[in-house]
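What follows is each chain in one-letter form.
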Amino acid sequence: LNQSERYKAQILRTLSHDLRTPLNALVNLLPSIQTEKLSEDSTNNLNICLHSVQLLQCMVNNVLDYWYLKNTQFELQNEYFDICGVFSEIVNVLESKAHDNGVKIGVTMDPQLSQGLQVWNDVKRLKQILINL
């Protein structure tokens, strides 16, 4: 690598550590709070925070894995997941911000789909796409 590329790699390594460390702390701490007795609103807010932190962690990991993606072939992490659950999770994450902006957000699913339809795909990438819409 030339000197410029080495500097870029060093900056990405530093950013990786500086961003991932607090995100990992939140990802590990928030579920322990879920075991406490909370009001229904607090439980919902905590779940939104946890899903948001997990999405942010995934996005940060993707951005900071630039060198890996640049120098190797990119592979999707496919798995089976409940598509309706993903849509509901995204709506829950975005609902508060939408409400603050006077926008009503929701999801309506065909009843046949809402009966545990499992999809084979990269759920993390799908969530990123839906959040960015």
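Our structure is the block above this text.
Because the structure is predicted, anything quoted here is derived from the model rather than measured. (Residues numbered from 1 in each chain as written. Predicted model: local features only at pLDDT ≥ 70, side-chain atom pairs only at ≥ 80, totals over all residues. Heavy atoms only, no water.)

1. So, helix 4 (residues 83-100)
The end-to-end C-alpha separation of helix 4 is 27 Å, in line with the 26 Å expected for 18 residues at 1.5 Å each. Of all bends in helix 4, the biggest is about 40 degrees, found at Leu-94. When we look at burial in helix 4, the residues that qualify are Ile-83, Cys-84, Val-86, Glu-89, Ile-90, Val-91, Val-93 and Ala-98. Capping the start of helix 4 is the job of one residue whose side-chain oxygen sits 3.2 Å from the backbone nitrogen of Cys-84: Asp-82. Backbone geometry just after helix 4 places Gly-102 at a positive phi near 75 degrees. (Helix = DSSP H or I, 4+ residues; strand = E, 2+ residues; numbered from the N terminus. Expected span 1.5 Å × (residues − 1). Bend = angle between axes of the 7 residues up to and from the residue. Buried < 20%, exposed > 50% of the residue type's maximum accessible area, 1.4 Å probe, protein only. Polar contact = N/O pair within 3.5 Å; in protein donor to acceptor, adjacent residues only side chain to side chain.)

2. Focus: a nonpolar patch on the surface
Among the surface-exposed residues, Ile-11, Leu-15 and Leu-19 lie close enough to one another that they form a single nonpolar patch of about 250 Å² accessible area. Within the secondary structure, Leu-15 is located in helix 1 (residues 3-34). (Patch = residues over 30% accessible without salt bridge, like charges linked within 9 Å, V, L, I, M, F, W, Y side chains within 5 Å. Areas by Shrake-Rupley, 256 points an atom, 1.4 Å probe, with all protein chains shown as cover. Salt bridge = Lys/Arg side-chain N within 4 Å of Asp/Glu carboxyl O.)

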